[in-house]
Amino acid sequence: MCNQTVSLAAAELEKRGIATVVLQFMKDIALKVGPPRALWVPFPHGFALGNPGDTSGQRKVLNAALSILSKESISPPHLEIYGAI
Amino acid sequence: MASSNELSLSVRLFLKAYRWRKIDPTSWTPTHKPLSECKLAIGSSAGFVLPGQEPFDDAFKGGDPSYRWIPSNTQVEDLIETHRSQSFDHSGLEKDPNLGFPLDHMRAFEQEGIIGSLNARHVSFMGSITAPGRFISKSAPEFAQALVEDEVDVALLVPV
């Protein structure tokens with residue numbers, strides 16, 4: 001359910017002028033709910049950034065997510081796949 | 001990789017029958033300036049609270065729609081995870097709360113100039129909400145408006 005809840009929060013933030021990016025675990029749910037900007041991550045629930053304590057790996061995920069915010073030629077709902085960028 | 005196979009049969013059946021809330025129309029705010037000039041806030045659905053804050057209520061029918069503010073100077077070790085779902089492995093969040101609330105990383109990004117600044121507060125809520133009516137109508141508009149008043153430009157939202 002977390003996939004949906006963060007997406008609904010993102011929708012409200014975007015409505016009020018705050019650009020968002022959400023992480024998502026389940027592609028099928030992301031496609032059904034349609035958050036404005038999303039990065040699908042290939043990790044189990046509870047491990048959104050990968051392995052605990054893996055600072056370098058976690059930073060890569062976060063950089064990939066935040067990079068979506070800098071892309072101008074995209075339109076909503078926009079879903080990217082981590083590792084395919 | 002997350003897949004429905006990691007979930008129990010009862011959860012899989014629930015998710016299959018669940019009527020997901022399609023965001024329609026999709027709200028959209030273009031980014032007007034570089035990330036290095038943006039103020040960022042974190043949103044996390046891990047159900048984190050700080051000592052002294054009320055834990056999320058796991059008995060709330062449909063999922064607790066409330067939220068908590070987490071100050072930016074919080075030590076992540078102080079975060080207490082109160083996510084009600086038993087359908088995922090909580091051990092990662094216990095070892096490293098940054099997995100669900102990447103505060104240390106965002107502080108580093110601020111220091112390194114990757115983001116312009118980090119907002120003074122961030123929002124924590126319960127992701128396990130099956131009936132999100134009150135979250136949509138009350139909580140999300142409240143914290144979104146507060147972040148607008150904080151002059152936040154961008155938000156990073158992390159599920160668990």
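Everything that follows concerns the structure shown earlier in this document.
Heads up: these notes are all about the structure in this document. (Residues numbered from 1 in each chain as written. Chains lettered and ligands numbered in written order. Predicted model: local features only at pLDDT ≥ 70, side-chain atom pairs only at ≥ 80, totals over all residues.)

## Comments concerning the overall build of chain B
Counting its regular elements, chain B contains four helices and seven strands. The N-to-C order of helical and strand elements in chain B reads α-β-β-β-β-α-α-β-β-α-β. In terms of overall dimensions, chain B is globule-like: its C-alpha atoms have a radius of gyration of 16 Å, near the 15 Å expected for 160 residues. Here the C-alpha coordinates of chain B stretch approximately 45 × 40 × 30 Å along the principal axes. The burial tally for chain B puts 39% of its 160 residues in the buried class. (Helix = DSSP H or I, 4+ residues; strand = E, 2+ residues; numbered from the N terminus. Rg over C-alpha atoms; globule rule 2.2 N^0.38 Å. Buried ≥ 20, exposed ≤ 12 C-beta atoms within 10 Å, placed from the backbone.)

## Quick word on the interface of chain B and chain A
With 51 residues of chain B in contact, the opposing surface of chain A contributes 51 residues. Elements supplying a minimum of two residues to the side of chain B that touches chain A: helix H2 (91-95), helix H4 (133-149) and strand S7 (154-158) of chain B. If one sorts the elements of the side of chain B that touches chain A by residue count, H4 of chain B sits on top with eight residues. Looking at the side of chain B that touches chain A, its residues break down into 29 nonpolar, 15 polar and seven charged. Direction of pairing for strand S1 (residues 19-24) of chain A relative to S7 of chain B: parallel, over a ladder of four bridges. Looking at the pairing, Ala-19 of chain A lines up with Val-154 of chain B of S7 of chain B. (Contact = placed C-beta atoms within 7 Å. Nonpolar A, V, L, I, M, F, W, Y, C, P; charged D, E, K, R; others polar. Pairing = 2+ DSSP bridges.)

## Here we look at the nonpolar core
Membership of the largest hydrophobic core comes to 68 residues, with the highest contact counts inside it found for Val-21, Ala-48 and Ala-65 of chain A together with Leu-40, Ala-155 and Leu-156 of chain B. In terms of residue count, helix H1 (residues 2-15) of chain A provides more of this core than any other element does, seven residues in total. What Leu-40 of chain B contacts, discounting residues up to four positions off in sequence, is Met-106, Ile-115, Leu-118, Asn-119, Val-154, Ala-155 and Leu-156 of chain B. (Core = buried A, V, L, I, M, F, W, Y, C linked by C-beta atoms within 7 Å.)

## Here we look at the environment of Leu-9 of chain B
Residues and elements named next belong to chain B. Turning to its location among the elements, Leu-9 is positioned in helix H1 (residues 9-17). What makes Leu-9 exposed here is the crowd of 7 C-beta atoms within 10 Å. Separated by 106 residues in the primary sequence, Leu-9 and Ile-115 have C-alpha atoms spaced 42 Å apart.

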